[in-house]
Every structure is written in C-alpha cells, then in structure tokens.
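# Analysis of the macromolecular model
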Amino acid sequence: MEYSVQTGQPSQIRADKELTSTQAVLQERRDGLTQRLRDGASASEVVAGFTDLVDSVLIARYRNVLRQHVGDFAVGLQQCCLVAVGGYGRRELSPYSDIDVMVLYHDGGENVVQTLSKEVLHHLWDLGFQVGHSVRSIQDCLVVAEEDLATKTALMESRFLTGGATVFQEFQRRFARRVLGHRVGSFIRDKVEERHREYAKFGETIYLLEPNIKKSKGGLRDLHLLQWVGMAKYQASTLLDLADRGILAHQDYAALVEAREFLWKVRAFLHLKAGRAQEILSFEEQVRLAKEFGFEDQSHLLAVEQFMQLYYQHTTGIYDRCMRLVNCSREQSWWNWVMTWLPRPLIKGLFSLSGTNLSIPQEKLLDVFHEPGRLLDLFKVSQEKGLTIDGRTLEEIHRHMETVSDEVFCTSSASQAFRNILSGPKSVAQTLTLMHQARVLEKLVPAFGRVRRLMQFNQYHKYTVDEHSLFTVREV
C-alpha cells in the first residue's frame, strides 16, 4: 500500500475520506435542490446547477490524477481530454441522470488513456453515479459516428470539460468537416424513424395516464429531436439559436421553453423523491406533484386532474411544434421544389395543396373563418383525399376557435358538413382527431370541450377521456 511521505497515512485512507466528503457534498446539494424547487427556483437553474456540480467533481478528479503523475504520463495527458456527451453535453442533467463521459485522445495519448479513464470514472461510480463512458481516439470518433446513429448524435453534443483543449478543437474541426452536414436528409429520416419506434414502445398517444416524461410522445425526447435536427440542418445548437435565426417562430420558442421548464421541474422532483433516475409519472407521483405545483381540489376537478391537464397541454405543444419544424427541414424532391415556385391550384377555390399538405392561403383565411361550413370542408377534403392538414394551418384555426362561440356553428351548412364527415367511408376517427386538435370538434359537440385532456383518476383507464372516446371511434 502506498503511504504519504508527509504524514505516513495510507493513501487509501485519504482517498476514502475524499470520497466520503464528496458524497456528503453531493447529498447536501441534492437536498438543497429540492428546497430551491419548492421555494420557486426555476428548473433551468437547478439543471444548470447540478451540471456545474458534476463538472466540478470531474475536473477536480482529473487535476488530482494529474498531480499524482509525472514524467511520460504527464506528457501523455497533454494529448487527452475529458468530454461530456449526450444530455450531459447539453448541460441538461437532472439530479440522478446518467453521466456520459468520453476520454478523447490524439496521437501520443494511447499509453495513458486507460489509466486516466480508470482513475477518473471509477471515482464517479464510487460516488454512486450511473456512468456511460467511452475511450476513443479522434479517428475512432469519426469512424463510429458514420456507422452508428446514436454515437453520431451523442458526439454532436460534445462539450469540453478539461485536459488538452487542442485535442478537443482538432476533434471538433474534423468532426464538422467529415460528419456534420453530410447526408442530412438521411440523418433526419433515421432520427424520426427512431423516435417513432420509441412512440410504439412508450406510448403512441400523448394522453397516456402514466406517461414516461422523457420518451413518451410529447416528452423531452421530442425536444431533443428538434435540437438534433436544428444542429444537423442549420448548425443551430439551441432553441434560442433557432429562434434568433428565424427558423423557429418566437412564439413557438417561448412556448417550447415554458414546456421544457415544466418537464424539467417535474423530472427533478421525480428524481429527488426516488433517489434515482425515475421517468415514469405514476398516479402516486401525480398526486404528490399536483400539491408541489400548488394545485387544489375544486368542486368539478381534482388537483391531480388539473396538474395532468397542464402536462398534456405542454406535451401536445412540444409534439406539434417539433413535428412541424422537422417536416419543414426534410429535403424536398426536385419536382416539389419546382412546384413551390408555380402557382398552386386551389381546391374549392379556398384550399392550397403542396405535395400532400393541405393549407389555407393567408388571403383566404377570413373567407374560410367567416363561414363554418367552409372550415369543415377543409377537414372533409383532407378525409376524402388522404391529405395532411398543415400544422401552421391547424394552429391558426386553433387560435381562431378561442374567439368563436359555439352558436356560430349552429347552422344548417355546418351541421350538414359535420354529418358528411361522420358518414364518410374512411378516416372518420383520424379526421375527428384533427378537428379536436384544432378545437373545432368542441364547437359542434360542446361536451368535448369539457373533457379535453381530462383524466379519470383510477386504475381502469389508460387514456384521457377525449382520447379514449376517439380511440373508441377508431375501433368501431
């Protein structure tokens, strides 16, 4: 066993004391985070604060390793660095998130990286962190990124921590030249397909009663998808970058930041209560968090039901805005590009068709909104022809519906148009779902407005009342 020259004390004892001290600091900080959240601190402060804490632990450990070695080892360390990747690279650590770290090296660092990795990362494991780690040369990163989608995505979010800064700069330069910007269309397609596989596993609908706040539809992973697309397509690494460059509308940016803040706060509370990475918003946790967020039971609505309505409001907004930007970012065929420059034929003199996207031209909005029967014709055309109604058009309709009374739809033309949709030979449920999304359905069936995002707090239902009803129509 190695002994200290100064004190004669075993170095293992010193290491144990260091470990115990760091563990105490971590627990103290986590306890502090809980109180700060309850006192009204923003979740973004907590996420940034915990990321900074992990940064400081890693950097201090690296410097400690550096002090313990001299000679050739110290020289080799100059060709190595520690890099945060994935969610850690994005600076989005919740209190018990996995810590994804890469030991990156250049020529001359081969002989020291394994020792560096062991002495730094084992310390994290001893502290109780769940650590995802890799040891790669710059060339390894380039090769693996071209072959593996998950690795490419994680490396896109790399962030320098400590060590040889020139090594990281060389990696960034070569990665940008060889990997970023290449085959962007296929990258976006593959990431969307990957996300759809997660929907199949974690919930095809936003309105699950016990959702996974990270991977269910409308969860944090959809925000990540939006950011990955922004990085690959526009070299914009954050939501703010997308908004500043006009790629993301500022009202969409504000809504996404508010939704992200909400989900980060929910996630932090889940982690801190469980003492681990807990992502499932269970019934029990919903009741607890409804109180944490200040909701109280009302005569017609429980506190937990109000809380979950807010959850569904935010996740719906995330999903809709994410998919709209992703779809706009996809590469057009040559013919579709040419078609964007040609006058578009109008269906029924009111609706514009671009590819399979149906929309209302800006100059026709008032004509359509003035007559409910015409607005319902939009959904009927979509139903009959199997066309997708443009996301921005649905949002325009949604905003307009907030100012329209139910009585406006009490006309013979609106009633007939609605019956035509209901009696259609196909896609009835899908069309009703779009009408519900745009808040049109509740104008025709007012009861639907009262059950929007409404959960029944019991063990017998999997979906909200509105989603369960639409699901029933689909089954029929």
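Just so it is clear, the model here is predicted, and its values are computed rather than measured.

### A few points about the overall build of the chain
In terms of helices and strands, the chain carries 23 helices and 8 strands. Residues classed as buried in the chain amount to 50% of the 476 residues present. Nonlocal contacts in the chain, meaning residues at least 24 apart in sequence, comprise 67% of its contacts between residues at least 6 apart. Surface accessibility of the chain: about 23,200 Å² in total, with carbon and sulfur atoms responsible for 50%.

### What to know about the sheet that holds strand S2 (residues 99–105)
The 4 strands are arranged S3-S2-S1-S4 in an open sheet whose pairing can be described as mixed. Strand pairing shows two members of the sheet lacking a second neighbour, strand S3 (131–137) and strand S4 (159–163), which therefore form its edges. Between one strand axis and the next, the sheet turns through 25° on average, direction left out of account. In the sheet, strand S1 (residues 80–84) pairs with S4 via 4 bridges, with the strands oriented antiparallel. Its bridge partner being in S4, Cys81 is matched across the sheet by Gly163.

### Some thoughts on the packing of helix H20 (residues 428–437) against helix H23 (residues 465–475)
The interhelical angle for the contact between H20 and H23, taken along N-to-C directions, is 155°, at an axis separation of 8 Å. With respect to each other, H20 and H23 are oriented roughly antiparallel. For the element pair H20 and H23, the recorded crossing hand is right-handed. Where H20 abuts H23, its residues Val428, Ala429, Leu432, Thr433 and His436 lie against Asp466, Leu470, Val473 and Arg474. Class assignment of the residues belonging to the contact of H20 with H23 gives a composition of 5 nonpolar, 2 polar and 2 charged.

### A few points about the sheet that holds strand S5 (residues 346–347)
Spatially, S5-S6-S7-S8 is the arrangement adopted by the 4 strands of the open sheet, whose pairing is mixed. Looking at strand neighbours, the two that pair on one side only are S5 and strand S8 (388–389), the edges of this open sheet. Taken together, the 2 bridges between strand S7 (residues 357–359) and S8 define a ladder with parallel strand orientation. Of the residues in S8, the one forming a bridge with Leu358 is Ile389. Sitting on the sheet, helix H17 (residues 372–385) is in contact with S5, strand S6 (351–354), S7 and S8, with an inclination near 25° to S6.

### Some details on the nonpolar core
One finds Leu58, Tyr88, Leu104, Phe129 and Leu281 to be the most contacted residues of the largest nonpolar core, which totals 100 residues. A per-element tally of this core places helix H14 (residues 303–329) first, with 12 residues. Beyond its immediate chain neighbours, meaning those up to four positions away, Tyr88 contacts Thr51, Val54, Asp55, Leu58, Leu93, Ile99, Asp100, Val101, Arg159 and Leu161. The next biggest cluster of nonpolar side chains, apart from the first, holds 37 residues, and it includes Val368, Leu376, Met401 and Ala414.

### Topic: the confidence of the model for the chain
Summing up the model confidence of the chain, the mean pLDDT is 86 and the portion of residues at 70 or higher is 92%. In this model, residues 1–8 is a region of pLDDT below 50 whose contacts with residues beyond four sequence positions or in other chains number 10 contacts.

### Focus on the pattern of salt bridges
For the structure shown, the criterion picks out 28 salt bridges. For Glu146, the salt bridge goes to Arg178, with nearest N and O atoms at 3.2 Å. With Glu146 in helix H6 (residues 138–147) and Arg178 in helix H8 (residues 165–178), this residue pair connects regions lying 32 residues apart in the sequence. Residue Glu146 is classed as partly exposed on the basis of its relative accessible area, which comes to 37%. In this structure Arg178 comes out as partly exposed when scored by relative accessible area, which is 31%. Its salt-bridge partner being Glu285, residue Arg288 comes within 2.6 Å of it at the nearest N-O pair. One end of the pair, Arg288, and the other, Glu285, are both in helix H13 (residues 283–292), 3 residues apart, so they sit about a helical turn from each other. Here the salt bridges share partners, and the residues they tie into one network are Asp252, Arg321, Arg324, Glu395, Glu396 and Arg399.

Cut-offs applied
Along every chain, residues carry numbers that run from 1 in the direction the sequence is written. Given that this is a predicted model, residues contribute local features only at a pLDDT of at least 70 and side-chain atom pairs are listed and counted only at 80 or more, while totals for whole chains, interfaces and linings are drawn from all residues. Only heavy atoms go into the side-chain values, all of them from the structure, while hydrogens and water stay out. Runs of E in the DSSP output that reach at least two residues are strands. Runs of H or I that reach at least four are helices, and both are numbered from the N terminus. Exposure classes here rest on a 1.4 Å probe applied to the protein chains alone. A residue is buried below 20% of its type maximum, exposed above 50%, and partly exposed in between. Every residue pair with non-hydrogen atoms within 4.5 Å of one another is taken to be in contact. What sets the accessible areas is the Shrake-Rupley method with a 1.4 Å probe; for residues, cover comes only from the shown protein chains. By definition, two strands form a pair when at least two bridges between them are found by DSSP. Orientation is described by axes fitted as lines to C-alpha atoms, over the contacting stretch for helices, and by angles from 0 to 180 degrees between their N-to-C directions. In these notes the angle categories are as follows: under 35 degrees is roughly parallel, over 145 is roughly antiparallel, 65 to 115 is roughly perpendicular, and the rest is oblique. Two helices crossing with the near one rotated counterclockwise from the far one by less than a right angle form a left-handed crossing, whereas a clockwise rotation gives a right-handed crossing. Lys, Arg, Asp and Glu make up the charged group, whereas Ala, Val, Leu, Ile, Met, Phe, Trp, Tyr, Cys and Pro make up the nonpolar group; the residues left over, Gly among them, are polar. Among the buried residues, those of types Ala, Val, Leu, Ile, Met, Phe, Trp, Tyr and Cys that are joined through side-chain atoms within 4.5 Å form a nonpolar core. By definition, pLDDT measures how confident the predictor is in each residue, and it falls between 0 and 100. Salt bridges are counted wherever a side-chain nitrogen of Lys or Arg sits within 4 Å of a carboxyl oxygen of Asp or Glu.

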